[in-house]
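Listed here are the chains, written in short residue letters.
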Amino acid sequence: MKKIIGLLLLLQTTLTYTQNSLSGTIKNKANQEVLPGVLIYFPDLKSGVISDAGGKYTVNKLPKIKTVIEVKLLGFKTVIQTVDLSTVQQMDFELEESVIEADEITVTGTSHSTELKRNPVAIVAVDSKYLSESAANNIIDALAKVPGLSALNTGPNISKPYIRGLGYNRILTLFDGVRQDGQQWGDEHGIEVDQFLIDRIEVVKGPASLIYGSDALAGAVNLIPAQPAPEGRLRGNFTSDYKTNNKQFASTLNLESNMKGFVWGFRASKKQASTYKNKYDGNVFGTKYNETDLYAYLGINKSWGYSRVNFLMYDNLQEIPDGSRDSSSRKFVKQITEEDTLRPLVTNSELNNYTIGLIHQHIQHYRLYTDNHFILGKSHIDLKLGLQQSKRSEFSHPQQAAIPGLNLLLNSMNYDLKYHFPEVKDIEASIGINGMIQKNKNINATEFVIPDHDLIDAGPFIFIKKSIKKLDIAGGARYDIRAYNNSAMYTSRNSTTGFEMQVENNPADTNITKQFDAYSHTFTGFSGSLGATYTIHKNLSVKINVARGYRAPNISEISAKGVHPGTGFQQLGDANFKPEFNLQEDVGLLLNSEHISAGLELFNNVISNYIYNEKLLSLTGGDSVFTESGISYQVFKFRQTKAQLCGGEFNFDIHPHPLDWLHFENTASFIYAVNLGGNGVMVTDSTKYLPSIAPFHTNSELRADVKKKIGCFSNIYFKAGFQFYAVQNQFYWAYGTETKTASYSLLDIGTGFDIVSLKGKTFCSIMVSVSNITNEVYQSNMSRLKYLDNYPNNSTGRSGIYNMGRNFGFKLILPLNANIKSKPLPK
């Protein structure tokens, strides 16, 4: 006991420092007027304040370390500097007015906060303004216009991120730096995060295995909530959103506070929608959803660092579309019996109400995690620990609606530990280890796609960054270990339900079927990265990076053997798969001047043991078919090959002088992805290209911001956007796996404004948008609904389900802000 007390006293002494403070005044460089409302923020300390009416600020209880400070105000260039708090107590800032945001801080894909323009890795950041004005139905769809990114959709509320042609378990999705662990191998398994909760998104466009390990072979998407409220502030808002196409109602309430370093906050959100519609399909049966979200956190900021405890709940009732139609009228029909011999038409009432149908999925995701930052002299430690539970139930039995078909329960424990050495001669070095422990079980299920299994994952790494005047060099290395283990799994027909259900093995019982063989395997892999950024001029820089990524096959790719009701086909895996490895080269040229921002990023990515899904043929030449309970399903099997993806993104933004209120933004993205063969795969014309590759596409937006206040209206903007998607005739058409996708163009418009008092206080913000204003009828090649049709050959010449038609959106934001001052403590 004495030794334990001694260690605790030593730790307390180690974490105790003479506190420092930083104060100063912030002015407009052009006219020397003081600037109130400026955010002064320390990203690595998660602490900040707002300048007062006199432009003055004071930040107390700061550790005596060297760290990054960010000074930010809308309409001005963000100032990013490194400050040594052991020697500096006074810092004044003069901000330059700017119509283009020239610099940002990024926290993703590196060991700690870094200037975006000085990071060799290809990273794109999406800010809160962009997200707030977005008309997207979910947080992943909000990224669809970002160059290099796309989304694989199964209706308006299920989207999976794709980066430069790669998705699923090749992209690691994070929330606040903690990996998102659901059943991400599934086609119709979206990201279980409240879209209103996200304030910023950072995307690594390339291998991020160095920092995050397996599942980040193609990159990472970090969904970041809002920074804690500044010291002495109570902050929040109520937001209500309505969309006309699918009659979606959404609302969220948020409150958070920071008083003397004690921070807390919560958010509650609700989103509900009926079926979406377009001119060809009318209302699309099976696309309703009802989502509820909660978030809460508590934390403390001290001179020794900070500590936060966070809780999230995601609960979504989501229908499952299957595209079944009447052969003559082309109207949607529904399954009403297990035998499924006759499907009646779906009624207009069912298509237009909010009641979730019998065939649906229920996704529940719970997350409890802690985020800690400890300062030890000139070094510091970051520690994230998380517990997650993902429950995914798919109800596919219309006559026994309470019995789930698929019913998976995934429990995860995540850990991420980093030690940052003291900076020496502009060298920053970090070592760390992160990984997870998982247990996935089938719970009273009647359909089995993957076996019960355990997973253990760990990866130690080292990361080093060196700055030499205008040159920044960064790189590191990592070694990953991932172990899978599952016992053989058996099923037998249950006398009560009448369905095949999981049982213990009994060799004497001839009615027992082995569903999955026992499997145990350990995958290992080395990954690394090396890159450099050279600042040619303060407005011009060039980036070069080479990275090797690693990904262990997921449990579905190894073991799948069953019908998944959400996909509508039987899936087969392969226990002999090897890990994927890739080598990607990136080069980028970035320009940021007073009126012009431009960038060109090119990449080349070669993947060994690339895993993809292929439809199988029968011996007679038609589709291979699997029949279960009288229903026929197409059969798909995972394959491995060697693949190459290359392409790039271009952006050009201009604020023409003297029309600084006008903003013209343009982007373009292109990917060329080919199957190089290997592992027994012969490349033919039908198998030459990789599946699920977005076509060449462009995005242009013309925006006008009214700088002057007009009566009670402020921050008025108008915008119009145009998106063009070229024909996708480079597709994987073997055995009918994919089909050609025609080109299409989309137009959208939007406007918004704040209603303010005479003193400039914002009462509310109002935004109006119209997506697909011409009501274009189109199919995206990244929509899984394109292939859902029981009569693909019909008199209309059309097949599958089309994307959403015209959609009006209305959003109201009511701010809830106040200054709070604590009373002095009694002497």
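Quantities reported herein were computed from a predicted structural model and do not represent experimental measurements.

### Some remarks on the overall build of the protein chain
No. 1: The helix and strand tally for the protein chain stands at 5 helices and 47 strands.
No. 2: Relative to the 2.2 N^0.38 estimate, which gives 28 Å for 827 residues, the radius of gyration of the protein chain is 27 Å and therefore close to what a compact globule would have.
No. 3: Oriented by its inertia axes, the alpha-carbon framework of the protein chain measures out at about 80 × 70 × 55 Å.
No. 4: By the burial criterion, 56% of the 827 residues in the protein chain qualify as buried.
No. 5: Within the structure as shown, the protein chain displays about 34900 Å² of accessible surface, and the carbon and sulfur contribution to it stands at 59%.
No. 6: In the protein chain, 83 side chains carry a positive charge and 78 a negative one; their mean positions are 5 Å apart.

### Side note on the sheet that holds strand β4 (residues 56-62)
No. 1: A sheet is described by the order of its strands in space; here 3 strands give the open sequence β4-β1-β7, paired in mixed fashion. Looking at the sheet topology across the chains shown, the edges are occupied by β4 and β7 (93-95). If you compare each strand with its neighbour and ignore which way they point, the axes differ by 25° on average.
No. 2: Across 3 bridges, the pairing between strand β1 (residues 20-28) and β7 is parallel. Bridge pairing links Lys27 to Glu94 in β7.

### Here's the deal with empty space enclosed by the protein
A probe as big as a water molecule, rolled over the atoms, marks out the empty space that is left.
No. 1: Under the definition given, this model contains 13 cavities of 30 Å³ or more.
No. 2: The calculated volume of the largest cavity comes to roughly 300 Å³.
No. 3: Lining the largest cavity are 27 residues, with Asn169, Gly182, Gln184, Trp185 and Asp215 sitting closest to its centre.
No. 4: The set of elements that each furnish at least two residues to the lining of the largest cavity consists of β12 (159-163), β13 (171-175), β27 (427-442), β28 (453-468) and β29 (471-486).
No. 5: Looking at side-chain class alone, the lining of the largest cavity contains 11 nonpolar, 11 polar and 5 charged residues.

### Some thoughts on the packing of aromatic side chains
No. 1: Evaluated as defined, the whole model comprises 18 aromatic pairs.
No. 2: For the ring pair Tyr57 and Phe93, a centre distance of 6.5 Å and an interplane angle of 40° mean the geometry is tilted. With a gap of 36 residues between them, Tyr57 in strand β4 and Phe93 in strand β7 connect regions that are remote in the sequence. You'll find Tyr57 and Phe93 in the same group, each marked buried.
No. 3: Centroid distance Phe713 to Phe753: 5.2 Å. Interplanar angle 90°. Geometry classified as edge-to-face. With Phe713 in strand β43 (residues 713-725) and Phe753 in strand β44 (residues 744-756), this residue pair connects regions lying 40 residues apart in the sequence.
No. 4: Among the aromatic residues, ring-to-ring pairing joins Phe175, Tyr295, Tyr297 and Tyr369 into one connected group.
No. 5: Over the ring of Tyr717 we find Arg703, and its NZ or CZ is 4.4 Å from the ring centre.
No. 6: Directly above the aromatic system of Tyr280 lies the positively charged group of Arg798, at a separation of 3.9 Å from the ring centroid.

### Regarding the nonpolar core
As a rule of thumb, nonpolar side chains are buried together in soluble globular proteins.
No. 1: By size, the foremost hydrophobic cluster in this structure holds 44 residues, and its most contacted members are Phe175, Ile198, Ile201, Leu223 and Leu645.
No. 2: In terms of residues, this core owes the most to one element, strand β38 (residues 596-615), which gives 4 residues.
No. 3: With sequence-adjacent residues up to four places away left out, Phe175 is seen in contact with Gln180, Val193, Leu197, Ile198, Asn222, Leu223, Pro225, Tyr295, Leu312, Arg367 and Tyr369.
No. 4: With 23 residues, the next largest nonpolar core counts Ile40, Tyr57, Ile65 and Ile375 among its residues.

### A look at the pairing of strand β26 (residues 406-420)
No. 1: Among the 15 residues of β26, 11 are classified as buried, and the element is accordingly described as predominantly covered.
No. 2: Summarising the sheet, strand β25 (residues 379-395) and β26 pair through 15 bridges and their orientation is antiparallel. The partner of Ser390 across the bridge, within β26, is Leu410.
No. 3: Summarising the sheet, β26 and β27 pair through 13 bridges and their orientation is antiparallel. If you follow Ser412 over to β27, its bridge partner there is Gln438.
No. 4: Counted between consecutive antiparallel strands, the loop separating β26 from β27 contains 6 residues, among which Lys425 sits at a positive phi close to 50°.

### Digging into the pairing of strand β18 (residues 248-259)
No. 1: Bridge analysis of strand β17 (residues 233-243) against β18 gives 11 bridges, and the strand direction is antiparallel. Opposite Asn237, over in β18, you have Asn254 as the bridge partner.

### Observations concerning the sheet that holds strand β3 (residues 47-50)
No. 1: Judged by pairing direction, the sheet is antiparallel, and its 4 strands sit side by side in the order β3-β2-β5-β6 without closing on themselves. Every other strand in the sheet has two partners, leaving β3 and β6 (79-84) as the edge strands with one partner each. Pairs of neighbouring strands in the sheet enclose a mean axial angle of 20°, with direction left out of account.

### Some details on the side chain of Asp141
No. 1: When you line up the elements, Asp141 lands in the loop between α2 (128-133) and β11 (149-153).
No. 2: Buried charge without a salt bridge: Asp141, with Lys271 as the nearest opposite-charge side chain at an N-O distance of 8.8 Å.
No. 3: Residues in contact with Asp141, not counting those within four places in the same chain, are Ala136, Ala151, Asn153, Pro156 and Ser159.

### So, unusual backbone geometry
No. 1: Backbone geometry places Lys425, a non-glycine residue, at a positive phi of 50°.
No. 2: Topologically, Lys425 is positioned in the loop between β26 and β27.
No. 3: In this structure Lys425 comes out as exposed when scored by relative accessible area, which is 70%.
No. 4: At Asn444, a position not held by glycine, the phi torsion is positive, near 50°.

### Some remarks on the confidence of the model for the protein chain
No. 1: In this model, the protein chain carries an average pLDDT of 89, and 93% of its residues clear a pLDDT of 70 or more.
No. 2: Confidence over residues 4-17 falls short of pLDDT 50; this stretch has 10 contacts with residues more than four positions distant or in other chains.

### Focus on the side chain of Asp194
No. 1: Counting through the fold element by element, Asp194 comes out in the loop between β14 (178-179) and β15 (198-205).
No. 2: There is a polar contact of 3.0 Å between the side chain of Asp194 and the backbone nitrogen of Phe196.

Thresholds applied
- Residues numbered from 1 in each chain as written.
- Predicted model: local features only at pLDDT ≥ 70, side-chain atom pairs only at ≥ 80, totals over all residues.
- Heavy atoms only, no water.
- Helix = DSSP H or I, 4+ residues; strand = E, 2+ residues; numbered from the N terminus.
- Rg over C-alpha atoms; globule rule 2.2 N^0.38 Å.
- Buried < 20%, exposed > 50% of the residue type's maximum accessible area, 1.4 Å probe, protein only.
- Areas by Shrake-Rupley, 256 points an atom, 1.4 Å probe, with all protein chains shown as cover.
- Lys, Arg positive; Asp, Glu negative; His and termini not counted.
- Charge placed at Lys NZ, Arg CZ, Asp CG, Glu CD.
- Pairing = 2+ DSSP bridges.
- Axes fitted to C-alpha atoms, helices over the stretch in contact; angles between N-to-C directions.
- 1 Å grid on protein atoms, 1.4 Å probe; cavity = no way out; pocket = protein on both sides within 12 Å on 5 of 7 lines; lining within 4 Å.
- Points joined across faces, edges and corners; volume = space filled by probe spheres on them.
- Nonpolar A, V, L, I, M, F, W, Y, C, P; charged D, E, K, R; others polar.
- Phe/Tyr/Trp six-rings, centres within 6.5 Å; stacked < 30°, edge-to-face > 60°.
- Lys NZ or Arg CZ within 6 Å of the ring centre and 35° of its normal.
- Core = buried A, V, L, I, M, F, W, Y, C linked by side-chain atoms within 4.5 Å.
- Contact = heavy atoms within 4.5 Å.
- Salt bridge = Lys/Arg side-chain N within 4 Å of Asp/Glu carboxyl O.
- pLDDT = per-residue confidence, 0-100.
- Polar contact = N/O pair within 3.5 Å; in protein donor to acceptor, adjacent residues only side chain to side chain.

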